[in-house]
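# Topology and contacts: notes
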Amino acid sequence: MTSPETAQALTVDRQGQPSAEATRQSGLARRSARPTRPIVLRAIWLTVPAWLVVIFGGLIPLLELVRMATYSGSLLTPGPAHYVGLGNLRAAFEGQGVLHQIVVTLIVAVAGLLVQFPIGYAIARVLTWRPRFLRIWQAILVVPLVLTPVAIGLVWKFVLDPTLGLERWAFSAFGVQVNLFASTPLALATIVGVDAWLNIPFVIVLLYAGMLALPQEQLEASHLDGASWWQEQRYVQLPLLKPVLLVTAIIRVINDIMLFDIIYILTSGGPGTSTETMSLLSYQEMFQFFQSGQAAAVALVLALIAIPTIVMFNRFVRPRI
Amino acid sequence: LSIRRFLRRPAAVATAAAITIGVGTAIAPSASASQSITVLITSSPSASALQSIAPAFTKQTGIHVKFVEVPYQAITTKLLLANKSGSIPYDVAQVDSPMMAPLVAAGALTPMKSFFAKYKEYKSTDFPQKVTQYTEYRGVPYTLPLSTEPYTVFYRKDIYAKLGLKPATTWAQFASNAAACKKAGYYGSDLSYSSTDAVYEWATILYSLGGRMLNSDNTKATITTPVAMQATKIYNSLIPYTPSGAINGGEVDAISIFGEQNVCTMIEGTGNWESIYSPKNSKVYGKLAMSPIPQGPTVLFGWLIGLPTKSPNPTGGAEFLAYALSPAHVSTFVSDGAPPPGRTSLLSSPKITSELPYMPVLLKTESGALHFPYIPQMPEVLIDISEQLNSIATNGESAQQGLSKAQSQVDSVLG
């Protein structure tokens, strides 16, 4: 058996450089750690379905989007499209003023997060206290999750209609008449509110599951150490919940960046264009103006906005080996 | 060649041949398939009338009619996307007038001249000139009128009688009637100011004052002219008398409010008469009347119907149109509660006039009505103007500022 001293002597020569023997041994070790050819082939074969999904479900549509965004696409012009580079993007920025839609998209996403998260967190926390009729509360809270956004948009549009809807009766009780869709701040607040109504249950479900999965030993230890409620939240629960909180937040941000159906139904981008998001603009370019190239360019910008959050998401959900 | 390769080659050829034959069988229309047509429609009384006529057509010709109903917005997109792909699976398509030019520009609609020559029983000359022009793009007919619906004033004759009001002949009178209604506790007016539909009613006022949205060769917007400013002033002066739900709602919302609430007047296409006035479900049955748009000519609207290019059964499609829209069958539209195509013979028929009480107003307005410019960019132009009108009406933007913005957006679209 080689003593540690001898091993040291074997691996380092007089000048302190790794000896030839040590280099040879480490090379052998590397070679023996390298997977053999059959294993590599089997690994490739086993991951083929995943690669097919990535290629056909993600890569090809993305490349097609880039192709459409860089070609003179219009459903109105017969004949083949030709390459225009950034022409569609330039046209979208010049013609429709895309910057405005980018700002609206970010406002909706950030405001959505600021509303949905604290409320969702608070309700999830209350649920962990096991209130009476817990199962009934759970069932009620999950209802919006199983409704389609289009149906929810239509219901809320009717409820908030200033002439025919229930909102009219609610406000008239106070002797005022409010048209929520006739001013920019109110229309934006309405969109954020309805989106929150739809998605707070999602936040609750994820955070509640995260809270239930917290290690009880650490919570009990903090109790024994005399931590106050606030200290327990601040120094024990929130750090332990951090991965769940971040993943939930990122999913919500991505979804709200892409938000379309609720806005389309409630305001159609109005008043004027003040609630027009990137998704709505892309839809408008494609389905109302029939400019497929510009629609793709806008969608590409939207994807670029969402990519940082997607990268963050991937970082947090990556398994730590 | 190895034996295996030698055997593989004919097997591959045989497989390819089998696939080709199979695909060929699937694509080539069989004798029975050519005896059917597909009609693209969107939910409307006109589409329902076509569906009522179809069984009799099938009985007479043996051609089965399949209807594909899609949302309004999807009609044009479906046709354009199919056209881009090289074949349109619809033999007949219902289209709205602002969408005709985009479809023709894309090469998705067939000119109707040969149809007129072949199907004499259609009687293409039985229409007022304005209705004929409504179906044409650059002087060539590409569609047939499925309904004729000029914009008119709908008013509540019971409220007017109670308040001693008369149908307006000027916009000043229109506004004073609206004010009188408001004072008596009713909504005075019911125009839409939405970011999608505002342009239709605003343009009705503009056209009646002699203004236009675009210049004569459709290369520049003319929406900052004094007459456009005047139209905007009139349009906005009616906001205080309008139900809030109509201000941001589209035309559909304005129409339901008119049918549900006590609203004195509304500007809409004549075709909405039946949907508001239906004795079965109307709250205003017996209380409604119609008068022409104050001051000048009105704007002509109505469904069009055409034959898509690259369709599987163009002859069957043409036969269906000739049958359904011929003078002999067009009265079915009236009995089905759909606004009929504005045939001169139909509109002057005493029987029809007695069935549709608004017919005299339709006759009066139809002959002088104008249609929006037919250019491929029209859908974008209409949205751009609507968005700015909505902003002016609801978001505190000045008329001058909003119209200038619309002018520059439209000019950039046209440029």
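As shown above, the structure is provided for reference.
Predicted model, so just to flag it, every value in this text is computed and none were measured.

### Focus: the overall build of chain B
- When helices and strands are counted, chain B shows 20 helices and ten strands.
- Counting contacts in chain B only where the partners sit at least 6 residues apart, residues at least 24 apart contribute 76% of the total.
- Only carbon and sulfur atoms are counted for the fraction: they give 57% of the accessible area of chain B, which is about 16600 Å².
- Seen as two clouds, the 31 positive and the 26 negative side-chain charges of chain B have centres 6 Å apart.

### A look at the environment of Gln 216 of chain A
All names here are of chain A.
- Of note, Gln 216 is situated in helix H11 (residues 216–224).
- Its relative accessible area of 42% is what places Gln 216 among the partly exposed residues.
- For the pair Gln 216 and Trp 51, spaced 165 residues apart in the sequence, the C-alpha separation amounts to 40 Å.

### Comments concerning helix H3 (residues 72–85) of chain B
- Residues Ile 75, Thr 76, Thr 77, Leu 79, Leu 80, Ala 82 and Asn 83 of chain B constitute the buried set of H3 of chain B.
- Buried residues belonging to H3 of chain B abut helix H14 (278–288) of chain A together with strand S1 (36–41), strand S3 (92–96) and helix H4 (97–105) of chain B.
- One or two steps after H3 of chain B, the chain reaches Gly 86 of chain B, where phi turns positive at roughly 105°.

### Some words on the interface of chain B and chain A
- Facing the 34 residues of chain B at the interface are 36 residues of chain A.
- Buried surface at the junction of chain B and chain A, summed over both partners, amounts to about 2700 Å²; 51% is from carbon and sulfur atoms.
- Run the count over chain B and chain A and you get zero salt bridges.
- At the junction of chain B with chain A, the criterion picks out eight residue pairs in polar contact (both at pLDDT 80 or more).
- Take the side of chain B that touches chain A: its biggest share by element is eight residues, from helix H19 (residues 378–394) of chain B.

### Digging into the nonpolar core
All names here are of chain B.
- With 78 residues, the main nonpolar core has Leu 79, Trp 202, Met 213, Phe 372 and Ile 385 as its most contacted residues.
- Among the elements that take part in this core, helix H9 (residues 198–208) stands out by supplying eight residues, more than any other.
- Excluding residues within four positions of it along the chain, Ile 385 makes contact with Val 199, Trp 202, Met 213, Ile 223, Ala 406 and Val 410.
- Judged by nonpolar contacts, the second largest core, of 57 residues, contains Ile 305, Ala 338, Leu 346 and Leu 362.

Conventions adopted
Residues numbered from 1 in each chain as written. Chains lettered and ligands numbered in written order. Predicted model: local features only at pLDDT ≥ 70, side-chain atom pairs only at ≥ 80, totals over all residues. Heavy atoms only, no water. Helix = DSSP H or I, 4+ residues; strand = E, 2+ residues; numbered from the N terminus. Contact = heavy atoms within 4.5 Å. Areas by Shrake-Rupley, 256 points an atom, 1.4 Å probe, with all protein chains shown as cover. Lys, Arg positive; Asp, Glu negative; His and termini not counted. Charge placed at Lys NZ, Arg CZ, Asp CG, Glu CD. Buried < 20%, exposed > 50% of the residue type's maximum accessible area, 1.4 Å probe, protein only. Buried area = accessible area lost by both parts, 1.4 Å probe. Salt bridge = Lys/Arg side-chain N within 4 Å of Asp/Glu carboxyl O. Polar contact = N/O pair within 3.5 Å; in protein donor to acceptor, adjacent residues only side chain to side chain. Core = buried A, V, L, I, M, F, W, Y, C linked by side-chain atoms within 4.5 Å.

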